[in-house]
Amino acid sequence: MIVAQHLTKRYGDRTAVEDLSFTVRPGVVTGFLGPNGAGKSTTLRMLVGLDHPTSGRITVDGRRYTDLPDPMRHVGLLIDAKAVHRGRSAHDHLLALAQTHNIPTARVREVLDLVGLGPVAHKRAGGFSLGMAQRLGIAAALLGDPQVLVLDEPVNGLDPDGVLWLRRLLAGYAARGRTVFLSSHLMSELSLIADDLVVIGQGRLLAEGTVSDVISSVAPESVRVVTPEAPALAAALQAADTTVTLEDAETLDVQGRSAREIGQIASARRIPLYELTPRRITLEEAFMQITRNAVEYATPGEALR
Amino acid sequence: MTTAVTPPATGPGHVRITAAGLLRSEWTKLRSVRSLRLTLALSFAAVAALSAYLLIDGETLGDGAAADVPFAFTAVYPLGVLALTVLGVLVVTGEYSSGTVRASMIAAPRRTGVLLAKAAVLAGVTTALGALLSVALYVLTRITGAVPAAAGMSLFDPAMSGGVVAATLLLPYGALFGIALGALVRNAAAAITLYFGVFQLGPQIFPVFLPDGLTGFTHWMPFAAMDVVRGAGLADGPYGVGTAVAVLLAWAAALGGVSWWLLKTRDI
């Protein structure tokens, strides 16, 4: 469980993160979304103590990361795949990290095999492709078998097999009751694996909750209905919590009733239906709407300030 | 937390940060990069080769003032101090240039232990190699007889051991000095420039700019103090060996202290 409370970080007069509060719960995959420069990486850097918050705090299982006697068992972080000395082998890089915590050497081989780097374990990391470096970064994050796995843009450079492998790994991790916190620009990828979302822009919280909560907060789910008796069905659906829009002579857009309910109402009135389609905006569309007003470099007015 | 949590596969409770763990980690980092191994080996090989040449050739050490100094076989050690200072710089700045420092500091987020372990490992390795070098050169001195003052003198004779120990310990001192400089500026080129510009050339350059009353300041810089320590009381100096050791320790403590404080407070 990760909890941020009024987290603020300023670099000189530039505010990277401002009064940010959110909770990442265990047992699910939480997506961390925000446009470039929104403060995602800064937040993650504060989580593991690389950056000191200007004010506020961010904790793991109720404690600051820097106060933990065994931080690698609590949090595994992939923040920068290329953070490896070019002249050091993958095995020795992981071994040096494992030794700080007295993690046995066998675990190093285990995670190298897990991420598929077993055959190149003793090659210099400087020769690794971006995808291999990414796998090495993920291996480093997994070393301490942490309760919380935090990955910043993990699918960068991974091939389709790697993406599928990572998706399974993360789902499996969350299913074991662990916390998975994942930042990514790839909305389609996130919508496949994330259960919860934390959306930030310009360092502030824009939205938080389950994926469907966040999406429906932007645009409520609606149902497209095509019927030859559109006015009659519209009249039958009238209720206080229902909005019916007549799109053309035969097409209705209904908000506040599920497709199942509409089907039953139509059936009871013996109104034929040609089409009954739930309509939901995609995560990407929802994200664009949420961040539209918060994109840092978007509007001239912002740039002039 | 209400969710059931499986115990970590890495198991037992001894998985935590310890001083021994940090030391092992730093040893792994030092031995696993070829350029660091090479710099370390070449530093000692160069001193050994040059010293051996002087001892076998015999000309330089056998006459003049050096002939009266039993531990004259350590004359080339300042070269090693220089090379090991560069190694100390590289050991730290290599982490910054490669980004490994972020992985290191995420693994040990209190940071202090990483710096101390790094210093301890490099000091330990250079002290051990320095001791081997000194013993080997002493044996060679006795065999070739190149240093008349050393003839028949035990390595543990007070007239011999003081100078040998001083010269030998200056090797790890150089390495630690390099670590402090590297941690201070976090960039190899800047740290090495600082080292040569301020500490190596400074004593010649500063007097030009300083008012007459302050030129004596250069006596208190590390290289002047190192010369006093290496003389082990036989050479004339502005102050005694004890004071020189205190000056060197003060420089190390000041530079190391500032580096440590910056490491604790700066964002990585």
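Since this is a predicted model, take the numbers as computed values, not measurements.

Draft legend 1. Structural detail: the interface of chain A and chain B. Contacts between the two partners involve 48 residues from chain A and, on the opposite side, 45 residues from chain B. Buried area between chain A and chain B, summed over both chains or domains, comes out near 3,800 Å², and the portion from carbon and sulfur atoms is 53%. When residues of chain A are sorted by the area they lose upon contact with chain B, Leu50, Arg73 and Asn102 of chain A head the list and together hold 16% of the total. Taken together, chain A and chain B are joined by two salt bridges. For Asp92 of chain A, the salt bridge is made with Arg31 of chain B, and the minimal N-O distance between the two is 3.9 Å.

Draft legend 2. Examining the sheet that holds strand 4 (residues 55-60) of chain A more closely. Residues and elements named next belong to chain A. The three strands are arranged 2-1-4 in an open sheet whose pairing can be described as antiparallel. Each of the sheet's edge strands pairs with one partner strand only, and the pair in question is strand 2 (14-24) and strand 4. Going across the sheet, the axis of each strand differs from the next one's by a mean of 20°, ignoring polarity. Sheet analysis places strand 1 (residues 2-11) next to strand 2, joined by seven bridges and oriented antiparallel. Paired with Val3 across the bridge in strand 2 is Thr23.

Draft legend 3. Fine view of the nonpolar core. Within the largest apolar cluster, 96 residues are counted, with the highest numbers of intra-cluster contacts made by Val150 and Phe181 of chain A together with Met160 of chain B. With 14 residues, helix 7 (residues 158-185) of chain B is the largest single contributor of residues to this core. Val111, Leu117, Leu182 and Val199 of chain A belong to the second largest nonpolar core, which has 56 residues in total.

Draft legend 4. Region of interest: the confidence of the model for chain B. Mean pLDDT over chain B works out to 88, with 92% of the residues at or above the 70 mark. A low-confidence stretch, residues 1-11 of chain B stays under pLDDT 50, and its non-local contacts, those more than four residues away or across chains, total 26 contacts.

Draft legend 5. Region of the structure containing empty space enclosed by the protein. Under the criterion given, the structure shown has six cavities of 30 Å³ or more. Size it by volume and the largest cavity reaches roughly 250 Å³. In terms of lining, the largest cavity is formed by 21 residues, of which the most central are Leu77, Leu97, Gly137 and Ala140 of chain A together with Ala103 of chain B. Where the lining of the largest cavity is concerned, the elements lending two or more residues are strand 5 (75-78), helix 3 (90-100) and helix 5 (130-142) of chain A together with helix 5 (100-107) of chain B. Here the lining of the largest cavity is built from residues that sort into 15 nonpolar, four polar and two charged. Here the second largest cavity defines a volume of roughly 90 Å³. Along the walls of the second largest cavity sit Val92, Glu95, Tyr96, Val101, Met105, Val114, Leu115, Lys118, Ala183 and Leu263 of chain B, which together make up its complete lining. A breakdown of the residues in the lining of the second largest cavity according to their chemical character gives eight nonpolar, no polar and two charged.

Draft legend 6. Representation of a nonpolar patch on the surface within the structure. The grouping of Leu201, Ile205, Val208 and Phe209 of chain B at the surface amounts to a nonpolar patch, some 430 Å² of accessible area in total. Tracing the backbone shows Leu201 of chain B in the loop between helix 8 (188-200) and helix 9 (202-209).

Draft legend 7. Structural view of the confidence of the model for chain A. All names here are of chain A. Per-chain confidence: chain A averages 88 in pLDDT, with 96% of residues scoring 70 or above. Of all the helices and strands in chain A, helix 12 (residues 300-304) carries the lowest mean pLDDT, 43, while helix 3 carries the highest, 96. Note that pLDDT drops below 50 for residues 296-305; the model gives that stretch six contacts with residues more than four away or on any other chain.

Draft legend 8. Structural view of the UniProt feature "transmembrane region" (unreviewed entry) in chain B. Residues and elements named next belong to chain B. Look at the UniProt record and you will see "transmembrane region" (unreviewed entry) annotated at residues 38-56, 76-94, 115-140, 160-185, 192-210 and 239-263. A helix fraction of 100% and a strand fraction of 0% characterise residues 38-56, whose end C-alpha atoms lie 26 Å from each other. Secondary structure content for residues 192-210 is 89% helix and 0% strand, while the C-alpha to C-alpha distance between its ends is 24 Å.

Draft legend 9. Just the side chain of Thr59 of chain A, in detail. All names here are of chain A. With respect to the secondary-structure elements, Thr59 resides in strand 4. Since its relative accessible area comes to 4%, Thr59 is described here as buried. If near-sequence neighbours (up to four positions away) are discounted, Thr59 is found in contact with Met1, Ile2, Val3 and Arg64.

Draft legend 10. How the structure looks around the UniProt feature "domain: ABC transporter" (unreviewed entry) in chain A. Per the UniProt record, the feature "domain: ABC transporter" (unreviewed entry) sits at residues 2-227 of chain A. What you have in residues 2-227 of chain A is 34% helix and 28% strand, and the ends, taken at the C-alpha atoms, are 49 Å apart.

Draft legend 11. Main features of the packing of helix 7 of chain B against helix 10 (residues 222-231) of chain B. All names here are of chain B. Two elements in contact, helix 7 and helix 10, have axes whose closest approach is 9 Å; the angle formed by their N-to-C orientations is 160°. With respect to each other, helix 7 and helix 10 are oriented roughly antiparallel. The two elements helix 7 and helix 10 meet at a crossing, and its hand is right-handed. Within the contact between the two elements, helix 7 uses Ala166, Leu170, Tyr173 and Phe177 and helix 10 uses Pro222, Met226, Val229 and Arg230. When the residues that make up the contact of helix 7 with helix 10 are grouped by side-chain class, the tally is seven nonpolar, no polar and one charged.

Cut-off values and rules
Residues numbered from 1 in each chain as written. Chains lettered and ligands numbered in written order. Predicted model: local features only at pLDDT ≥ 70, side-chain atom pairs only at ≥ 80, totals over all residues. Heavy atoms only, no water. Contact = heavy atoms within 4.5 Å. Buried area = accessible area lost by both parts, 1.4 Å probe. Salt bridge = Lys/Arg side-chain N within 4 Å of Asp/Glu carboxyl O. Pairing = 2+ DSSP bridges. Helix = DSSP H or I, 4+ residues; strand = E, 2+ residues; numbered from the N terminus. Axes fitted to C-alpha atoms, helices over the stretch in contact; angles between N-to-C directions. Core = buried A, V, L, I, M, F, W, Y, C linked by side-chain atoms within 4.5 Å. Buried < 20%, exposed > 50% of the residue type's maximum accessible area, 1.4 Å probe, protein only. pLDDT = per-residue confidence, 0-100. 1 Å grid on protein atoms, 1.4 Å probe; cavity = no way out; pocket = protein on both sides within 12 Å on 5 of 7 lines; lining within 4 Å. Points joined across faces, edges and corners; volume = space filled by probe spheres on them. Nonpolar A, V, L, I, M, F, W, Y, C, P; charged D, E, K, R; others polar. Patch = residues over 30% accessible without salt bridge, like charges linked within 9 Å, V, L, I, M, F, W, Y side chains within 5 Å. Areas by Shrake-Rupley, 256 points an atom, 1.4 Å probe, with all protein chains shown as cover. UniProt positions renumbered as here; feature names shortened; annotations may be inferred. Parallel < 35°, antiparallel > 145°, perpendicular 65-115°, else oblique. Left-handed = near helix turned anticlockwise from the far one by under 90°.

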